[in-house]
Amino acid sequence: MQKFCGFLLFLLSVFAVQEVMAQSDTLFFHNGKTAIGKVISVSGYTVSYVYQGEETIQMISKYALHRIHYRSGRTEPISEKIQVNGEEDWDKVIVLEDKEQNAGLVRASDIRAHTSFINLHTANSGEAKVSASLLREAAKRKCPFILISFERVTVYNGLIKSWGALQEIKKATSYHY
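Everything numeric in this text was worked out from a predicted model, so none of it was measured. (Residues numbered from 1 in each chain as written. Predicted model: local features only at pLDDT ≥ 70, side-chain atom pairs only at ≥ 80, totals over all residues. Heavy atoms only, no water.)

### Here we look at the overall build of the protein chain
Logical step 1: Counting its regular elements, the protein chain contains 2 helices and 10 strands.
Logical step 2: Residues classed as buried in the protein chain amount to 36% of the 177 residues present.
Logical step 3: Contacts spanning at least 24 positions in sequence make up 59% of the contacts within the protein chain whose residues lie at least 6 apart.
Logical step 4: Of the roughly 11000 Å² that the protein chain leaves accessible, carbon and sulfur atoms contribute 55%. (Helix = DSSP H or I, 4+ residues; strand = E, 2+ residues; numbered from the N terminus. Buried < 20%, exposed > 50% of the residue type's maximum accessible area, 1.4 Å probe, protein only. Contact = heavy atoms within 4.5 Å. Areas by Shrake-Rupley, 256 points an atom, 1.4 Å probe, with all protein chains shown as cover.)

### A word on the packing of aromatic side chains
In this description, an aromatic ring pair is defined by two values, namely the gap between the centres and the angle between the planes.
Logical step 1: A full pass over the atoms with the stated rule returns 4 aromatic pairs.
Logical step 2: Centroid distance Y49 to Y51: 5.3 Å. Interplanar angle 80°. Geometry classified as edge-to-face.
Logical step 3: We classify Y49 as buried; its relative accessible area is 5%.
Logical step 4: Relative to Y177, the ring of F145 lies with its centre 5.6 Å away and its plane at 90°, an arrangement referred to as edge-to-face. Pair noted here: F145 is in strand β9 (residues 145-155) and Y177 is in the segment after β10 (166-176), with a separation of 32 residues, a long-range link. Comparing F145 with Y177, the two get one shared label, buried. (Phe/Tyr/Trp six-rings, centres within 6.5 Å; stacked < 30°, edge-to-face > 60°.)

### Some details on the sheet that holds strand β4 (residues 57-61)
Logical step 1: One open sheet holds the 6 strands; their spatial order is β4-β3-β2-β1-β5-β6, and the pairing between them is antiparallel. Of all strands in the sheet, those with a lone pairing partner are β4 and β6 (75-77), marking the two edges. Pairwise comparison of adjacent strand axes, ignoring direction, gives a mean angle of 40° for this sheet. (Pairing = 2+ DSSP bridges. Axes fitted to C-alpha atoms, helices over the stretch in contact; angles between N-to-C directions.)

### Considering the nonpolar core
Considering soluble globular proteins, one finds that nonpolar side chains tend to be buried as a cluster.
Logical step 1: Grouped together as the largest cluster of nonpolar side chains are 30 residues, with contacts concentrated most on L27, L65, I68 and I146.
Logical step 2: Those elements that place two or more of their residues in this core are β1 (25-29), β2 (34-42), β3 (46-51), β5 (65-69), β8 (106-114), α2 (123-140), β9 and β10.
Logical step 3: At 5 residues, the largest contribution of residues to this core is made by α2.
Logical step 4: Filtering out sequence-adjacent residues up to four positions away, L65 remains in contact with L27, F28, F29, H30, V47, I60, I78 and S79. (Core = buried A, V, L, I, M, F, W, Y, C linked by side-chain atoms within 4.5 Å.)

### Some details on the pattern of salt bridges
Logical step 1: Within the structure shown, the criterion is met by 7 salt bridges.
Logical step 2: For the salt bridge of K92 with D89, the shortest nitrogen-to-oxygen distance reads 3.9 Å.
Logical step 3: Assessed through its relative accessible area of 40%, K92 is described here as partly exposed.
Logical step 4: Linked through salt bridges whose partners overlap, the residues forming this network are E127, E151 and K170. (Salt bridge = Lys/Arg side-chain N within 4 Å of Asp/Glu carboxyl O.)

### A closer look at the environment of S24
Logical step 1: Considering the arrangement of structural elements, one finds S24 in the loop between α1 (2-22) and β1.
Logical step 2: Separated by 48 residues in sequence, S24 and S72 place their C-alpha atoms 8.9 Å apart.
Logical step 3: At 3.3 Å, the side chain of S24 forms a polar contact with the side chain of Q52. (Polar contact = N/O pair within 3.5 Å; in protein donor to acceptor, adjacent residues only side chain to side chain.)

### Brief notes about the side chain of S174
Logical step 1: Residue placement: S174 occurs in strand β10.
Logical step 2: Residue classification places S174 among the buried residues on the basis of a relative accessible area of 0%.

The following block contains the structure:
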């Protein structure tokens with residue numbers, strides 16, 4: 001009889017949990033965590049939601065979110081997880097366009113890249129080299145995202161768009177899940 005009462009109590013608790021989840025939205029994050037609450041809005045870069053039992057609005061980047069399971073039963077895919085396993089995956093690294101896009105991502109480290117003081121790059125090739133260097137450095141650190149925080153082009157000797165007259169410098173912050 002005691003085992004039966006224990007089993008019955010277990011079933012009731014399972015049904016209670018399912019009932020609570022049926023009244024809420026469930027957010028599934030790329031880092032393996034989930035959040036139960038209510039989705040307030042889905043915008044271009046972010047998803048706003050409220051945890052169950054709270055009133056504070058939380059904001060998370062779409063890049064950090066795998067999918068949302070709404071209380072109506074509908075499931076909305078948000079983004080695929082980006083796996084960066086080393087420098088060879090540098091082309092998978094995404095340059096974030098807005099600070100909102102890093103909400104919910106973990107800041108890893110600052111990275112820097114530049115062309116030499118005297119170089120054989122045109123304006124376009126120097127910019128491409130520096131951008132690729134940032135992406136490669138983020139990939140080495142296994143970070144799928146960077147946010148560029150500083151860009152500068154220095155013109156030497158008054159020569160504009162001449163070979164070796166431009167030095168390109170960029171700084172960025174790398175992020176992971």
